[in-house]
Amino acid sequence: GICRVGGRDNFYHCDKCGCCISVALRDDHQCVERSLDQNCPVCLEDLFTSTKQVTFLPCGHPLHKSCYLKMNNQLTRSASIDMVLRANTCPLCSKSVRDMSFLWEAMDREIEATPMPEEYRDTKVHILCNDCGEKTEVAFHVIAQKCSSCGSYNTKRT
């Protein structure tokens, strides 16, 4: 078998994932079966045979650490809230990869400062939350829709 360079003292083999993982991640590893049997979602290089460092996002999806950092840096350069949100989500499942409460609070303030026109005030839309997976009906707003279950704005209309 192919194992990461670094030695047995620094890595352990996860039988479910089928890969060697840093011992520093042992307690926080979100296991996804055979997770390295795919390509990096950014550069499309095979993850299992790659010698580049692989990182696992909190959702359990793997990608090259350098690809994640490059993607994150490029997207966060934008002043757009949409791009900042994309920079902080998994490119595969769209779950947030870090605590986004700072952004949700800013969006709460922006929505509060932007009243909807009278004809749209009672409009409801169905959304799917990318963070908690709940489908809910919420008030429509042109800026964003907030999940009523977990408070995330990482949502999409269904």
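The structure presented is a predicted model; accordingly, all values stated were derived computationally and were not measured.

Q: Which residues make up the side chain of S96, and what values go with them?
A: Assignment of secondary structure puts S96 in the loop between α2 (81-87) and α3 (101-112). Judged by its relative accessible area of 18%, S96 falls in the buried class. Polar side-chain contacts of S96 include one of 3.4 Å to the side chain of N154. In this structure S96 touches N88, T89, W104, D131 and N154, once residues within four positions along its chain are discounted.

Q: Any details on the pattern of salt bridges? Residues and values, ideally.
A: Considering all chains together, one arrives at three salt bridges under this definition. A salt bridge links K146 to D108, with the nearest nitrogen and oxygen atoms 3.1 Å apart. A residue pair is termed long-range when its members are at least 10 positions apart, and K146 in the loop between β6 (135-139) and β7 (155-157) and D108 in helix α3 qualify at 38 residues. The closest approach of N and O atoms between E118 and R121, which form a salt bridge, is 2.8 Å. According to the relative accessible area criterion, E118 is exposed, its value standing at 57%. When its relative accessible area of 45% is taken as the criterion, R121 is described as partly exposed.

Q: Describe the side chain of T136, naming the residues involved and giving the relevant values.
A: Inspection of the secondary structure puts T136 in strand β6. Judged by its relative accessible area of 13%, T136 falls in the buried class. In this structure, T136 is in contact with V125, H126, I127, S148 and S149, ignoring residues within four places of it in sequence.

Q: Kindly report on the nonpolar core, identifying the contributing residues and their values.
A: Grouped together as the largest cluster of nonpolar side chains are 20 residues, with contacts concentrated most on C19, I21, L36, F56, L57 and Y68. Sorting the residues of this core by element identifies β1 (11-14), β2 (19-22), β3 (54-56) and α1 (65-76) as the ones contributing at least two each. At four residues, α1 tops the list of elements feeding residues into this core. In this structure, F56 is in contact with C19, I21, H29, S35, L36, H61 and P62, ignoring residues within four places of it in sequence. By size, the runner-up hydrophobic cluster in this structure holds eight residues, among which are L85, M100, W104 and A144.

Q: Explain α3 to me, and be specific about the residues and the numbers.
A: Helix length check: α3, at twelve residues, gives a terminal C-alpha distance of 16 Å against a target of 16 Å (1.5 Å per residue), a fit within 8%. On its buried face, α3 sits against α2.

Q: Kindly report on unusual backbone geometry, identifying the contributing residues and their values.
A: Non-glycine residue L44 carries a positive phi angle of around 70 degrees. With respect to the helices, strands and loops of the structure, L44 is situated in the loop between β2 and β3.

Q: How would you summarise the sheet that holds strand β5 (residues 124-129) if you had to cite specific residues and measurements?
A: Pairing is antiparallel across the open sheet formed by three strands, whose spatial order is β6-β5-β7. Looking at strand neighbours, the two that pair on one side only are β6 and β7, the edges of this open sheet. The average undirected angle you get between the axes of adjacent strands in this sheet is 45 degrees. Relative to β7, β5 is paired through three bridges, and the arrangement is antiparallel. Bridging from a neighbouring strand, I127 pairs with R157 of β7.

Q: Would you mind going over the packing of aromatic side chains in detail, with residue names and values included?
A: As enumerated under the stated definition, the model contains two aromatic pairs in all. Centre to centre, the rings of Y120 and F140 are 6.5 Å apart; their planes meet at 55 degrees, and the pair counts as tilted. Of this pair, Y120 sits in the loop between α3 and β5 while F140 is found in the loop between β6 and β7, placing the two residues 20 residues apart along the sequence.

Definitions and limits used
Residues numbered from 1 in each chain as written. Predicted model: local features only at pLDDT ≥ 70, side-chain atom pairs only at ≥ 80, totals over all residues. Heavy atoms only, no water. Helix = DSSP H or I, 4+ residues; strand = E, 2+ residues; numbered from the N terminus. Buried < 20%, exposed > 50% of the residue type's maximum accessible area, 1.4 Å probe, protein only. Polar contact = N/O pair within 3.5 Å; in protein donor to acceptor, adjacent residues only side chain to side chain. Contact = heavy atoms within 4.5 Å. Salt bridge = Lys/Arg side-chain N within 4 Å of Asp/Glu carboxyl O. Core = buried A, V, L, I, M, F, W, Y, C linked by side-chain atoms within 4.5 Å. Expected span 1.5 Å × (residues − 1). Pairing = 2+ DSSP bridges. Axes fitted to C-alpha atoms, helices over the stretch in contact; angles between N-to-C directions. Phe/Tyr/Trp six-rings, centres within 6.5 Å; stacked < 30°, edge-to-face > 60°.

Read these as spatial facts, not as claims about activity.
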